[in-house]
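Listed here are the chains, written in short residue letters.
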Amino acid sequence: AGPAIEFVTDGSLAKRTLIRHEGEGSNDYGLGFFTTNNGTISEKVRFDGDGNVGIGDTSPSYELDVNGTINAITRFRLNNQTFADFNSDTLRVGSSNAAHALALKAGAAERVTILSAGNVGIGTTTPNEALTVNGGISAADINSFGTISIGNTPAYSQTRAIKVHDNGTQYA
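Conventions we followed
Residues numbered from 1 in each chain as written. Predicted model: local features only at pLDDT ≥ 70, side-chain atom pairs only at ≥ 80, totals over all residues. Heavy atoms only, no water. Pairing = 2+ DSSP bridges. Helix = DSSP H or I, 4+ residues; strand = E, 2+ residues; numbered from the N terminus. Axes fitted to C-alpha atoms, helices over the stretch in contact; angles between N-to-C directions. Salt bridge = Lys/Arg side-chain N within 4 Å of Asp/Glu carboxyl O. Buried < 20%, exposed > 50% of the residue type's maximum accessible area, 1.4 Å probe, protein only. Contact = heavy atoms within 4.5 Å.

Explain the sheet that holds strand β2 (residues 12-22) to me, please; I cannot follow it from the model alone.
Within a sheet, adjacent strands bond to each other through the backbone by hydrogen bonds, running parallel or antiparallel. Reading across the sheet, the six strands line up as β1-β2-β3-β4-β5-β6 and stay open at both edges, with mixed pairing between neighbours. Every interior strand has two partners, whereas the edge strands, β1 (4-9) and β6 (64-66), have only one. For this sheet, the mean angle separating the axes of adjacent strands, direction not counted, is 20°. The pairing of strand β3 (residues 30-37) with strand β4 (residues 40-47) spans seven bridges and is classified as antiparallel. Counted as the bridge partner of Thr36 is Ile41 from β4.

Okay, structure coming up:
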């Protein structure tokens, strides 16, 4: 531990705050901010020699590392775009840019895509209908108020129809 500036309230070491120079030998140097809770002093914030900041983390690896809960009252922004906001009873997630899509990844691959026009793709990043699924579907109950097209031929315009296609042959 290096030199420090210490603030003591009422002459009691149980009520103190410390700003200390951190680092020894070849370690990166930085500043540690310590506070006292029930007489025990502990580091709460670290600015390391690389400019990384740790809140609840004494060895930050990124520009901001937080070990704990982050509370955003209204919105959270990434790359100057609103990423998530909470308004009344609705949590909204996505970009505030009208041209951006939303993708959910699992296993390092995009699994669900919502395009800016509203089309949703499961197993595809280029949905061309309101819902496009690339893969099998299992459903206990399907209610349709339009056309359901199964197979590789485009949907027909008949109302409340189900069309099954197999290599271009239509089965009604």
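From this point, the discussion proceeds with the structure in view.
Can you help me understand the pattern of salt bridges in this one?
Between side chains of opposite charge, pairing is possible as soon as their charged atoms come close. Tallied over the entire structure, the rule returns five salt bridges. Between Arg16 and Glu6 there is a salt bridge, and its shortest N-O distance comes to 2.8 Å. Of the two residues, Arg16 is situated in strand β2 and Glu6 in strand β1; the sequence distance between them amounts to ten residues. Put simply, Arg20, Glu22, Glu43 and Arg46 are held in one network by salt bridges that share partners.

I keep staring at the environment of Arg111 and nothing clicks. Help me out?
By secondary structure assignment, the location of Arg111 is in strand β11 (residues 109-114). Taking the relative accessible area as the measure of exposure, Arg111 reaches 42% and is therefore partly exposed. In this structure, the C-alpha to C-alpha distance between Arg111 and Gly121, residues ten residues apart in sequence, is 8.1 Å. Other than its neighbours up to four places away in sequence, Arg111 contacts Leu104, Lys105, Ala106, Gly121, Ile122 and Gly123.

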